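Survey of secondary and tertiary structure
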Amino acid sequence: LALFLVSLSILTFNFVKVWGNSVSFWSDVIEHYPESKVPHNNRGYMYNEYKQYDLAINDFNKGISLDSGYGRLYLNRGLSYQMQHRNDLALKDYSKSISLDSTEPQTYLNRGSLYTDVYGKFDSVIQDFKHALLLDPNSLFAINNLGIAYYKKGNFDDALLPFNKSLDRNPSDGNIY
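What comes next is a walk through the structure. (Residues numbered from 1 in each chain as written. Predicted model: local features only at pLDDT ≥ 70, side-chain atom pairs only at ≥ 80, totals over all residues. Heavy atoms only, no water.)

Some remarks on the overall build of the protein
From N to C terminus, the protein includes 10 helices and zero strands. Moving toward the C terminus, one meets the helices and strands of the protein in the order α-α-α-α-α-α-α-α-α-α. Relative to its length of 177 residues, the protein is extended, with a C-alpha radius of gyration of 21 Å against a globular reference of 16 Å. Over its C-alpha atoms, taken along the principal directions, the protein stretches across nearly 75 × 40 × 25 Å. Evaluated residue by residue, the protein yields a buried proportion of 40% over its 177 residues. Long-range pairs, those at least 24 residues apart, make up 40% of the contacts in the protein between residues at least 6 apart in sequence. Accessible surface computed for the protein: about 10,400 Å², of which carbon and sulfur atoms make up 56%. Charge centroids of the protein, computed over 17 positive and 19 negative side chains, lie 3 Å from each other. (Helix = DSSP H or I, 4+ residues; strand = E, 2+ residues; numbered from the N terminus. Rg over C-alpha atoms; globule rule 2.2 N^0.38 Å. Buried < 20%, exposed > 50% of the residue type's maximum accessible area, 1.4 Å probe, protein only. Contact = heavy atoms within 4.5 Å. Areas by Shrake-Rupley, 256 points an atom, 1.4 Å probe, with all protein chains shown as cover. Lys, Arg positive; Asp, Glu negative; His and termini not counted. Charge placed at Lys NZ, Arg CZ, Asp CG, Glu CD.)

Rendered as structure tokens:
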């Protein structure tokens with residue numbers, strides 16, 4: 001029993017290094033499965049969380065080289081580009097992600113935000129946020145930003161509907177008022 005417990009302790013000690021943080025975990029998975037796109041995507045996502053965008057982009061590029069049809073890689077790389085203010089590349093990646101997987105509301109939200117904040121293309125913004133709401137009708141982010149897009153476009157009456165809907169769901173949010 002003592003030998004068994006010592007063996008488990010040694011194994012646990014070795015796995016703590018791998019499980020120490022998400023980057024080390026996904027690095028270990030990549031070491032064992034280098035031709036899998038998912039661990040490259042997931043480690044890149046974690047690099048984004050740590051604001052290490054160049055490392056993230058490297059992982060997404062590797063994942064894309066393994067499977068260029070996996071839309072999430074383009075979504076996440078687009079976010080890296082957007083955080084680096086490389087907006088044209090971000091927009092291109094979000095659009096590519098949508099062409100590969102039109103069921104992911106986050107891609108429409110990210111692209112819509114880019115259209116709002118950088119390009120001022122409010123018709124495109126409205127279209128993206130409406131599509132995101134079709135996919136996720138409870139997204140307060142999409143509801144609020146749809147109202148903002150209508151407001152910035154000058155369609156004040158149209159802006160009231162999403163703002164009122166948002167207030168119905170979250171009446172204590174002073175930002176909506």
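Still to come is the rest of the account.
A closer look at helix H4 (residues 53-66)
Taking 1.5 Å of rise per residue, 14 residues should cover 20 Å, and H4 covers 20 Å from first to last C-alpha, within 8% of that figure. Taken together, the buried residues of H4 touch helix H3 (37-49) and helix H5 (71-83). (Expected span 1.5 Å × (residues − 1).)

As for the environment of Phe-129
Structurally, Phe-129 can be placed in helix H8 (residues 122-135). Residue classification places Phe-129 among the buried residues on the basis of a relative accessible area of 0%. The sequence separation of Phe-129 and Ser-113 amounts to 16 residues, and the corresponding C-alpha distance is 8.9 Å. For Phe-129, the contacting residues outside a window of four places in its chain are Tyr-108, Leu-109, Gly-112, Ser-113, Thr-116, Phe-141, Ala-142, Asn-145 and Leu-146.

Some details on unusual backbone geometry
In this structure, Lys-51 is a non-glycine residue whose phi angle is positive, near 60 degrees. Considering the arrangement of structural elements, one finds Lys-51 in the loop between H3 and H4. Within the chain, His-85 stands out as a residue other than glycine whose phi angle is a positive 65 degrees. With respect to the helices, strands and loops of the structure, His-85 is situated in the loop between H5 and helix H6 (87-100).

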